[in-house]
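Spelled out from the first residue to the last, the chains are:
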Amino acid sequence: MKKLSILFALAAAFLLQGCVAKENTDPTPTPEPTPVVEAGTSGITYQLLVYSFCDSDGDGCGDFKGIQSKLDYLKEMGVQAIWMSPIHPAASYHGYDVKDYSAVNPDYGTEADLKSLIDAAHAKGIKIYLDYVLNHTSKDHPWFLAAKADPQSEYRDFYIFSDNPQADIKAGKIDMIAKEGSSGYDSGQWFQCVSGGSGSQKVKFTLGLDGSRKPKTLTISRTDDITNSGTQNTGIYLYYGDGSTLQFYNDGGAYTASLDLESSWGVLIRTSLTTWDGGTKYGAPTGKNQLAWDEPLTLSNSDAQDILLPSMSGTWYHSHMWTSWFADLNYGPAGTCETSGAFKAVCESADKWINLGVDGFRLDAVKHIYHKANSDENPTFLKKFYDHCNATYKAAGHTDDIYMVGEHFSDASEVAPYYAGLPGFFEFSFWWTLKDAINNGTGKDFVGTIQSYQNLYAKYRADYIEATKLSNHDEDRAGNDLGRSKAKMKLAGAVLLSCGGQPYIYQGEELGYWGSKGSGDEYVRTPVKWTKNGGAATGKLSGKVDNSMLSADISVEAQEADAESVLAVYKAWGAAREQYPALGEGLLGYCSEASSNSAVSAWFRIKDNQKILVVHNFGGGSANINFSNSNIDNMIVSDGQVSVSGKKLTLGGYASAAFLQ
Ligand SMILES: [Ca+2]
Ligand SMILES: [Ca+2]
């Protein structure tokens, strides 16, 4: 059923063969070739935010050299791979609006610094995964700037443009939104862009008012004279260009504004200078936003789209993420996506990083690449991207397959069909199930639920990678969900590192961090505080840092000296995964011997001849379990109050233990 160990088994077999061959054929002692990444068993990946993990030069921004300096910290938790937040130049601090896929963000260091990090990580048996954003680019990416400026641009087809998105979607003309018919149209996902611009030109605007003296029509005329006359107390403003305004004049009942106009986007009418709220914005109705010389345009107080000047042409571009900052990439029909310019371009950059030594990718927002999340388009696309990258990876001399994990932010049942496209996906359901189980103090159903997810994946891929996790950078912190209870956080970490799958530890979870998105995403992206008295890489977080949390006692320095710390739990269970292959790679099996106690979750991890019993108490009170069949003499790792008396195991509240069978 579950074949997580394939990579490691292949690597180990390769090493073994290498040794045997050498002994048989070459009696001269020569150094063994060092494998790029030494095989291990933990399967643990650490998710870090480059900008807030570790700052090597004191400029407030985390960087590659900082990560390199902390590889031993990760190694001590059994970490075998790092997923770095996007490393490319980007418009936002978080990096998810890429401006150049083939470059590194200079705030993080140079490409040589990245190469140095990759080599240093490999020397310690740690792989490097890049976050790769395939759904969209920044609106400031040179591809998009060229595409929107010129319909004839070679980059025009990299994006999704339409003069009438609603009609084009209904007619099936938009390849990325081809499966939903008219229901695929969402006005909030389309943003206008303008080409042409006004240049500088002398014009006169005349405003028509309705019976309530509210703006009704707008007319633009050419003029040689931009001198305005009348009284300027109308409270109605022409808004144009880079945030400029001109109040209309009332000249004997005629509302006019003459000016030397320059605007890159057009004009709007507003009746407040300080807010857009309360119906103070007047623009064009959707689809009728073009001004023509000397022809009144009827204004809209509800749609209020930008009004295009006669010299301008406007069109719409698609952003699935409901933000004008992102522009969605266009890969054409999924069945032939590999022929699209955008596909070739993102592959070319991916090849560069693979050839630099990167071991895999975490793919962002994969259910949004093609619009319809539950069609086969995204899996089809993802398989083509994976196959391309894997071919590059093999050509670079690797004997294993490239690693790739997708972010499909949905229940396991919706994620499962995507395994047709990629070997790995995050299991968001793992955390959603676990936090409820811990907060309800009910452990008995937990492992059965996780097994049910595995059974879903196995229908689509025998060697699926179940990327388990607690929270990540897009969710409230696990610590928040667990009421900041240190005991619950320790339990959650012990469950994560003792259950099936290949777990991800999100930066700060091993330190017991908390934080809520409600105050801003930055609050769930808090920097690591390395020393009791030292600072942290807060420079990119706009001051949105909970400094009360970054206390001396939550620092790495303090927790490394504290056997009762959250960090100590992650280290203990991470080390156990490294030491006992069954705990890292084994099958997950239900243990019925603890079923009489609803607070307790018990399971086996089984690989080859090794079998480990894992027992967790999800409740706050102590729990007694009698094991008549399983062996509880040989405890290999534990957390909290644990005592063994003959065949009776007593676990204090939220305590955990594992036993070699
Ligand atoms: Ca720095
Ligand atoms: Ca998309």
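This text goes with the structure placed above it.
Residues numbered from 1 in each chain as written. Chains lettered and ligands numbered in written order. Predicted model: local features only at pLDDT ≥ 70, side-chain atom pairs only at ≥ 80, totals over all residues.

Just give me the short version of helix 11 (residues 428-440), but keep the residues and values in it.
When the terminal C-alpha atoms of helix 11 are compared, their 19 Å separation across 13 residues agrees well with the 18 Å that a helix rising 1.5 Å per residue should span. Those residues of helix 11 that fall on the buried side of the exposure criterion are Phe 428, Ser 429, Phe 430, Trp 431, Leu 434, Ala 437 and Ile 438. Where the residues of helix 11 are buried, they touch helix 10 (412-415), strand 20 (424-426), helix 12 (446-458), helix 13 (478-481) and helix 14 (486-496). Of the residues trailing helix 11, Gly 441 is marked for its positive phi of about 65°. (Helix = DSSP H or I, 4+ residues; strand = E, 2+ residues; numbered from the N terminus. Expected span 1.5 Å × (residues − 1). Buried ≥ 20, exposed ≤ 12 C-beta atoms within 10 Å, placed from the backbone. Contact = placed C-beta atoms within 7 Å.)

Any chance you could break down the pairing of strand 3 (residues 127-132) for me, citing the residues and the numbers?
Counted residue by residue, strand 3 has six buried out of six residues, so it is predominantly covered. The alternating pattern of strand 3 places Lys 127, Tyr 129 and Asp 131 on one face and Ile 128, Leu 130 and Tyr 132 on the opposite face, and all of these are buried. Of the strand pairs in this sheet, strand 2 (residues 79-84) and strand 3 are connected by four bridges, and their pairing is parallel. Looking at strand 3, one finds that Trp 83 is bridged to Tyr 129. Tracing the backbone out of strand 2, into helix 5 (residues 111-123) and back to the parallel element strand 3 gives a crossover that is right-handed. Sheet topology places strand 3 next to strand 18 (residues 360-363); four bridges connect them, and they run parallel. From the neighbouring strand, Leu 130 faces strand 18, where its bridge partner is Phe 361. (Pairing = 2+ DSSP bridges. Right-handed = clockwise from strand over helix to strand, strands pointing away.)

Explain the sheet that holds strand 27 (residues 635-639) to me, and be specific about the residues and the numbers.
Read across the sheet, five strands follow the order 23-24-25-30-27 without closing on themselves; strand pairing throughout is antiparallel. Either end of the sheet is taken by a strand with one partner, and the two such strands are strand 23 (587-590) and strand 27. Sheet twist, expressed as the mean angle between neighbouring strand axes with direction ignored, is 20°. Two strands pair when backbone bridges link them, and strand 23 and strand 24 (residues 600-607) are joined in this way by four bridges, in the antiparallel orientation. Bridging across to strand 24, Leu 588 finds its partner in Arg 605. (Axes fitted to C-alpha atoms, helices over the stretch in contact; angles between N-to-C directions.)

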